[in-house]
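For reference, the chains in residue letters:
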Amino acid sequence: MPGGRLTQQERQQIALGLADDLAYAEIARRLDRPTSTITREVMRNGGPTAYRSDLAHRATERRAQRRKQGAPRDAAGVPQAYGRDAEAVREYEETLTTVFMQSGMTKMTARVMASLTISDSGSLTAAELVQRLQVSPASVSKAIAFLEEQEMVRRERDERRRERYVLDDEIMYDSMMASVRSTAQVAETARQGVAVLGAGTPAAVRLENTARFMDFISETMARAAEQARAILHSKP
């Protein structure tokens, strides 16, 4: 299996594979690369619908140049525990940030969320986030305010009376239940349209079937989330 960074030719093959709707695993197999390499490459460069091989290659070259010219981010004071590879951690954090951005977060909010997610404690102070991300305290504060509003983080005081921002272990459960409520709302709205358009008409039948489908999906998601909730508190 080849090692090292992706070549420009490989990136062109990735773009062609995406255009053909190939799965990441299939593209990886054809390039004899790990699937994680392809996933990370695509997600950090626009995602499957916006990936461009030439832009991705230039962006990678710019990142490499910046690393040569300046100190690595880990020099900002973030230790690497458990013998982790600092470069691999940095690249994964960028990939995770991209995924959060594609879910609708702003770049700064996504960066803060990614930093909290990959921290072993699941919590960081404002000063730690500022140091880790090399941004202003105001930028961190704005991102945290949004995450608090979405109930994705909470504030706590540690033993030194410092305010810490904590990632809730049940964030995935809460996110799933929010999706359940949204799906149920679509079902209810579709069902309201049946009365307006007249039961039995083509449009009303379409809406009724949509409502039934959405009801089934929301009920299934809610049941699965409740059954799997304990997994979020499992110990390694």
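Just so you know, these numbers come straight off a predicted model, no measurement behind them.

The rules we used
Residues numbered from 1 in each chain as written. Predicted model: local features only at pLDDT ≥ 70, side-chain atom pairs only at ≥ 80, totals over all residues. Heavy atoms only, no water. Salt bridge = Lys/Arg side-chain N within 4 Å of Asp/Glu carboxyl O. Helix = DSSP H or I, 4+ residues; strand = E, 2+ residues; numbered from the N terminus. Buried < 20%, exposed > 50% of the residue type's maximum accessible area, 1.4 Å probe, protein only. Pairing = 2+ DSSP bridges. Axes fitted to C-alpha atoms, helices over the stretch in contact; angles between N-to-C directions. Phe/Tyr/Trp six-rings, centres within 6.5 Å; stacked < 30°, edge-to-face > 60°. Lys NZ or Arg CZ within 6 Å of the ring centre and 35° of its normal. Left-handed = near helix turned anticlockwise from the far one by under 90°. Contact = heavy atoms within 4.5 Å. Nonpolar A, V, L, I, M, F, W, Y, C, P; charged D, E, K, R; others polar. Core = buried A, V, L, I, M, F, W, Y, C linked by side-chain atoms within 4.5 Å.

A. Layout of the pattern of salt bridges. Taken as a whole and judged by the stated rule, the model has 21 salt bridges. Two residues, Glu-10 and Arg-33, come together in a salt bridge whose shortest N-O distance is 3.0 Å. Linking Glu-10 in helix H1 (residues 8–19) with Arg-33 in the loop between helix H2 (24–31) and helix H3 (35–43), this pair joins segments that are 23 residues apart in sequence. Accessibility expressed as a relative area gives 12% for Glu-10, which makes it buried. Judged by its relative accessible area of 8%, Arg-33 is buried. We note a salt bridge from Arg-154 to Asp-168, for which the minimum N-O separation is 3.6 Å. In this pair, Arg-154 sits in strand S2 (residues 153–157) while Asp-168 sits in the loop between strand S3 (163–167) and helix H9 (171–197), placing the two residues 14 residues apart along the sequence. On the basis of relative accessibility, which here comes to 26%, the residue Asp-168 falls in the partly exposed class. Through salt bridges that share partners, Arg-5, Arg-40, Arg-44, Glu-87, Arg-90, Glu-91 and Glu-94 make up one connected network.

B. Spotlight on the sheet that holds S3. Strand order in the open sheet made by the three strands is S1-S3-S2, with antiparallel pairing throughout. The sheet is open, and its two borders are formed by strand S1 (123–125) and S2, each paired with just one other strand. Between one strand axis and the next, the sheet turns through 30 degrees on average, direction left out of account. Two strands pair when backbone bridges link them, and S2 and S3 are joined in this way by five bridges, in the antiparallel orientation. Within S3, the position partnered with Arg-155 by the bridge is Tyr-165.

C. Looking closely at the packing of aromatic side chains. Throughout the structure, instances matching the rule amount to zero aromatic pairs. Sitting over the ring of Tyr-173, Arg-229 keeps its end group 3.9 Å from the ring centre.

D. Geometry of the packing of H2 against H3. It is at 8 Å that the axes of H2 and H3 come closest, and there the two elements cross at 115 degrees. For the element pair H2 and H3, the recorded crossing hand is right-handed. Seen from H2, the contacting residues are Tyr-24, Ala-25, Ile-27, Ala-28 and Leu-31; seen from H3, they are Thr-35, Ile-38, Thr-39, Val-42 and Met-43. Along the lines of polarity and charge, the residues of the contact of H2 with H3 split into eight nonpolar, two polar and no charged.

E. Fine view of the nonpolar core. Counting residues in each nonpolar core, the largest one holds 22 residues, and the members touching the most others are Phe-100, Met-105, Val-112, Met-113, Leu-129 and Leu-147. Looking at which element gives the most residues to this core, the answer is helix H6 (residues 107–118), with six residues. Excluding its chain neighbours within four sequence positions, the residues that come into contact with Phe-100 are Met-105, Ala-110, Met-113, Ala-114 and Thr-117. Judged by nonpolar contacts, the second largest core, of ten residues, contains Leu-18, Ile-27, Leu-31 and Ala-56.

None of this, on its own, says anything about what the molecule does.
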